[in-house]
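Examining the three-dimensional arrangement
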Amino acid sequence: MSGAVGCQRGGGERGPRWRRPWKLLALGLLSASSVLAAAPGAEAMSKEEKRRLGNQVLEMFDHAYSNYMEHAYPADELMPLTCRGRVRGQEPSRGDVDDALGKFSLTLIDTLDTLVVLNKTKEFEEAVKKVIKDVNLDNDIVVSVFETNIRVLGGLLGGHSVAIMLKEKGEYMQWYNGELLHMAKELGYKLLPAFNTTSGLPYPRVNLKFGVRHPEARTGTETDTCTACAGTLILEFAALSRFTGTSIFEEYARKALDFIWEKRQRSSNLVGVTINIHTGDWVRKDSGVGAGIDSYYEYLLKAYVLLGDDSFLERFNTHYDAIMRYISQPPLLLDVHIHKPMLNARTWMDSLLAFFPGLQVLKGDIRPAIETHEMLYQVIKKHNFLPEAFTTDFRVHWAQHPLRPEFAESTYFLYKATGDPYYLEVGKTLIENLNKYARVPCGFAAVKDVRTGSHEDRMDSFFLAEMFKYLYLLFADKEDMIFDIEDYIFTTEAHLLPLWLSTTNQTISKKNTTTEYTELDDSNFDWTCPNTQILFPNDPMFAQSIREPLKNVVDKSCPRGISRVEESLGSGPKPPLRARDFMASNPEHLEILKKMGVSLIHLKDGRVQLVQHAVQAASSLDAEDGLRFMQEMIELSSQQQKEQQLPPRAVQIVSHPFFGRVVLTAGPAQFGMDLSKHKAGTRGFVATIKPYNGCSEITNPEAVKEKIALMQRGQCMFAEKARNIQKAGAIGGIVIDDNEGSSSDTAPLFQMAGDGKNTDDITIPMLFLFNKEGNIILDAIREYEAVEVLLSDKAKDRDLEMENMDQKLSENDSHNQNSEEATSTPQDIGTVSMEPEGGASSDVTDPDSLSPGHADSDGVSISNQDSSVPGTDEAGAPELACTQGGNQPQEQKTETESNSKVNWDSKVQPMESILADWNEDIEAFEMMEKDEL
C-alpha cells in the first residue's frame, strides 16, 4: 500500500461516477498532532516511548535476521525451533505451502528493502552482494507463480528500487549496476511460460528450469487457480516492464486482469475464489475479501495509483460497491455466494482479510476500516494473536497463526490516516505479544495453536519482509527515515516500487477496456478524503466514538467457558473429550461426540468416519468442543504420521511347499521388537489362539508356546493382545483384520499403535495382515497343518536347499502330486498400495495416527462438513491419508526378480500375465509416488 493516503474527489458534482475523470490525491499523511492531540481517551505517546518501541522493533528484526543468516542461509527459510534452514526436498512436505520455496534464498531476497527501511544500509549492501553472488534462479523445481512473483520478483524489484535510490544519494551502492534488475528480468522470463493458456490466466505453478508442460516440468496439468493468484501480478510485472522497457510482462499481467474482470458475476459484480484457467468457469463460487481473492482487489486500486490507468480504479470501485453491499456486515466481512449474494457462504472469517482496513484507508473509506480493525484487535486481545480463522461469534475456527503481518499493515495505515495514538498502543501490544509468545532462541516461531501457545518450526519470509517494516514505520518519525516513504507504493508483500514508474516507458495503450459499469450509489463514497474536517468533523473524539461500541463485541459474543479449576473441583461439567482419549468402541465417548455435533459413520472397509455438523451440537459451547476435538484429531494424525511412520513389514511363508515364495505385505506395530534392527527376523510355526480375539488370558498356551500366534482384530487394544500372547509363551504375533475382503492391494498400509501406556514390556514382534492376506495363512494351515513363517522387515531369499530336496522326493513319490503342483504354482505376493491424493474425504487409516487410546478401534476418517474442520490454505481440509511405503518401489522391484504374483486360489495364471500385472502395479505405484512428491 502506498505510503501516501490516496482518496477520490468527494466534493462538487454528484453525477454518475463513471462520467468524469478520477484522480488520486496524494495527500500528505496526517500527523498525530493534527488530529487527536486533544482527545482525552487517547493520550499522545511521548517521543521517547515511540523511539524506545522503534528501537525494540530493530532489535527484534536483528534477532530474526541474524539467526536466519547464521543458521539457515542460503536455505529459503529458517526453522527457528531446530535452528536450521528449511530446504525443499530435505524436510517432510507441507503441501502447497512449500510451493513458495525454490532454493533461491527466499528470505534474504524478501528482506532486501526492509533493511533499507530500517536504516541498515551496510547490511543491505552486503545482502545484495550475497544475492548476486549466490542465488541461482535456474533450478529444476516447481514453484508457485503467485508466491514467486510477490516474494522473489517483488523482492528483487524492491531491492533494485532502493539500491538506485541509495546510489543517487552518493554514499552507498556506488558499485551497483542494475544486477538485481537483471535477475528480476531473468525470473520474469521464467514465469512467462505459465501464461501459455487460451484465457491468459497463468497456470498456478511453473518449473523454473523447464517451464510448463515440458516432459521434465512436472507441472502444467492443473486446471484451476485462485483469483488472487492470477490477479496479483500487475504491480510487479508492470514495474519490470517500466524498469526494463520490455512491455511483454505488463501485457501478460493486464490480459489476466482483463479476463477476470470479464468473468465477474454480472448481477453481483463479485468474483469467486477459484477459476478454471482454460474455460473461465468459476470453480468455487463463494466470494469475500480474504484468502483466495484478497490481493486481486488490492492490486486493482494500487495499479491505478502506480500506473495511472483509470480503468483499474473504475473496476475497483465497481467491486468495492459490491463488497460494501453484500460482504460487509460491520464490523464483519463474511463470504457470500456470487450468484446469491444475500446468502452467506460460511460462518467464519480468515485472518487474511485483516489487510482490508488498510486498503479502505487507501480508498478513503475510513469508518468501516476503523470498525473492522477494532473487531480484529478485540480478537487479538482475547487470543494474543489473530487465529487463521474465527467464527462470527469470535470463537477459534483454525487455531494456527503463522506470524501474519496484515493486521500490523492496517494498523500502520490507520495511524497514518488518523494520527490517533490509539494505534500506537495497538502496535505496542503486537510487539509485546511477539516477544512474549513467539520469540525463541533462534528467531520467532509461528504459533501452532493460539489457545495453547504451542509453536511450529516455521518462520516465513513474509515475517521479515512485512511485519518489521510496518511496525518500524508505525513508530518512526520522518526524520528517522533516510528517504521519503511517500514516494513509493507497497506491493502486497510490502516491497517498495517508486511512483515515478507511472511516467516511465509507457508502452501500453491507455485505452479504457472497462465496459458495462453499474451506476453506483454515492453513499458508498461519503468517506473519501481523510482529513480532519471530513474524517473528524470538528470532533477529535470521532474515531474513538466509532470504536467504543465494539470494545466488548468479542467477549459479549464469546462467553468464557467454565475454567478447568472449576471442573477439577466438580463444580462444573466434565472436561471435554480429548482426541488422545477417544475410543470408537466406548459408548460414553460416542454419546459425547453426538452432543458435540460429531457423527460417527462405519465405512465398508472397516474404518470409521468422523463428521462434525456444528448446528447439530447441543449448545454453542459443545460445538466449540467438537471443533476442538476435530482439530486435535487432525493434529494427532498428522503429527504421529510424521513422527512415527514406519515402513511396511513382510510375512513370508517359508515351510513346505512354499519355501519363501509367498510374501505378504504386513503393517508394522509401534511397540514390541523392531524388526528393522533384527535382520534375521523371527521365524516360527503359526498357531491360532483361543480366544481368537486375544483380549483375555490365552486358554491354549501349550499350542502357542514358542510359536507365532494368529489372532483376530477387534474388541481390545493391540497392545493388550500382544501382552496376552507373550504371557502364553508366543514368540511373535500376527493380527488378522476382521473386515471381510480387506486387502493391502486396495487399502493404505495399517499401523498398530500402543494403548497410551508404556509398552516397553512388549518384546515380541507384532504385525498386521489385512483379511485377504490373513486368509492365505489360514488356508495354508487348513491344508498343510504345520505352516512356518518368517516375520521380517523385508522378504528374505527363499530356501532353495529345502525346495530342491522336496522336489527330488516328490519325483519319487506319486502320492505327492498335489504338493508338486503347489510347488510349481506361483503364489500371491502382497503389494504396498498407496491411496491417491485428492479424495473427497481425508482418511486416518492407521489407528496409531489417531491416538494411543484409540489404537485398536477401526481406522478413522475425518471429513470436514459445515466448515468445521480446519485446512492448510484457504480452501481445503488438510491431507490426512496415513499411507505408507514411501521408499518401497525400489525394494519391491528387487523382490520381483525372484518372485511372481498371482492370486492365491484354485486358478493358475500364465507367468507372463502375472509379471505384466506386477510391472503395471509397480509403474502405477511409482507414478503415484512421483505425483505425491
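Residues numbered from 1 in each chain as written. Predicted model: local features only at pLDDT ≥ 70, side-chain atom pairs only at ≥ 80, totals over all residues. Heavy atoms only, no water.

A short note on the overall build of the chain
Within the chain, the secondary structure is distributed over 27 helices and 31 strands. Per-residue burial for the chain yields a buried fraction of 60% across its 933 residues. With the model as given, the accessible surface of the chain reaches about 36900 Å², and the carbon-plus-sulfur share is 49%. (Helix = DSSP H or I, 4+ residues; strand = E, 2+ residues; numbered from the N terminus. Buried < 20%, exposed > 50% of the residue type's maximum accessible area, 1.4 Å probe, protein only. Areas by Shrake-Rupley, 256 points an atom, 1.4 Å probe, with all protein chains shown as cover.)

Looking at the confidence of the model for the chain
Of all residues in the chain, 73% have pLDDT values of 70 or greater, and the mean over the chain is 79. Contacts for the low-pLDDT stretch residues 521-538, under 50 throughout, to residues beyond four places or in other chains number 56 contacts. Here residues 559-572 is modelled with pLDDT under 50, and outside its nearest four sequence neighbours on either side it reaches 14 contacts, counting other chains as well. (pLDDT = per-residue confidence, 0-100. Contact = heavy atoms within 4.5 Å.)

Considering the sheet that holds strand 14 (residues 396-398)
Ordered by their spatial adjacency, 3 strands build an open sheet running 12-13-14, and the pairing between neighbours is antiparallel. Across the chains shown, the open sheet's two edge strands, defined by having one partner strand only, are strand 12 (348-350) and strand 14. The mean angle between the axes of side-by-side strands here comes to 30°, regardless of whether they run parallel or antiparallel. Two elements, strand 13 (residues 389-391) and strand 14, share 2 bridges in a ladder whose sense is antiparallel. (Pairing = 2+ DSSP bridges. Axes fitted to C-alpha atoms, helices over the stretch in contact; angles between N-to-C directions.)

Overview of the environment of M459
Along the chain, the position of M459 falls in the loop between strand 18 (454-456) and helix 15 (461-475). Judged by relative accessible area, M459 falls into the buried class, the value being 2%. It is 6.4 Å that separates the C-alpha atoms of M459 and F444, two residues lying 15 residues apart in sequence. Residues contacting M459, with those up to four places away along its chain left out, are A64, E77, L78, P80, G443, F444 and L464.

Here we look at the pairing of strand 29 (residues 788-792)
Among the 5 residues in strand 29, 5 count as buried, and that is most of the element. On strand 29, burial covers both faces: E788, L790 and S792 on one face and V789 and L791 on the other are all buried. In this structure, strand 23 (residues 649-653) lies alongside strand 29, joined through 4 bridges in antiparallel fashion. The partner of I653 across the bridge, within strand 29, is V789. As defined by bridge partners, strand 25 (residues 682-688) adjoins strand 29 across 4 bridges and the pair is classed as antiparallel. Bridging from a neighbouring strand, F685 pairs with E788 of strand 29.

A short note on the state of the cysteines
Evaluation of the coordinates by the stated rule reveals 3 disulfides. The partner cysteine of C226 in its disulfide is C229, sulfur to sulfur 2.1 Å. One disulfide, between C226 and C229, carries an S-S torsion of 90° and so falls in the right-handed class. With relative accessibility at 17%, the residue C226 sits in the buried group. Here C695 pairs with C716 through a disulfide, and the sulfurs are 2.1 Å apart. Handedness of the C695-C716 disulfide follows from its S-S torsion of about -85°: it is left-handed. In this pair, C695 is assigned in the loop between strand 25 and helix 21 (701-704) and C716 in the loop between strand 26 (708-712) and helix 22 (718-727), connecting sequence segments 21 residues apart. Of the two residues examined, C695 and C716, each falls in the buried class. Cysteine pairing for the chain, with bonded cysteines counted in sequence order: 1-4, 2-3, 5-6. (Disulfide = S-S within 2.5 Å.)

Notes on the side chain of D99
By the element assignment, D99 lies in the loop between strand 2 (84-86) and helix 2 (106-117). The exposure class assigned to D99 is buried, which follows from its relative accessible area of 8%. Excluding its chain neighbours within four sequence positions, the residues that come into contact with D99 are R88, V142, V143, S144 and R205.

Brief notes about the nonpolar core
Among the nonpolar cores identified, the biggest contains 178 residues, and F124, Y297, L434, F444 and F468 are the most heavily contacted of them. Among the elements that line this core, the one with the most residues is helix 4 (residues 145-169), at 11 residues. If you look at the next biggest cluster of nonpolar residues, it comprises 23 residues, including I653, L675, I708 and I777. (Core = buried A, V, L, I, M, F, W, Y, C linked by side-chain atoms within 4.5 Å.)

Some details on the packing of aromatic side chains
Two descriptors summarise a pair of aromatic rings, namely the distance from one centre to the other and the angle between the planes of the rings. For the structure shown, the criterion picks out 30 aromatic pairs. Consider the rings of F768 and F770, whose centres lie 5.4 Å apart with planes at 85°: the pair is edge-to-face. Assessed through its relative accessible area of 7%, F770 is described here as buried. Geometry around W261 places R264 over its ring, the cationic atom sitting 3.8 Å from the centre. (Phe/Tyr/Trp six-rings, centres within 6.5 Å; stacked < 30°, edge-to-face > 60°. Lys NZ or Arg CZ within 6 Å of the ring centre and 35° of its normal.)

Notes on the sheet that holds strand 5 (residues 224-226)
Strand order in the open sheet made by the 3 strands is 5-6-7, with antiparallel pairing throughout. Edge positions in the open sheet fall to strand 5 and strand 7 (282-284), since each of these has one partner strand only. Averaged over all pairs of adjacent strands, the angle between their axes in this sheet comes to 35°, without regard to strand direction. In this sheet, strand 6 (residues 274-276) lies alongside strand 5 in antiparallel orientation, the contact comprising 3 bridges. In the sheet register, T225 faces strand 6, and the bridge partner there is I275.

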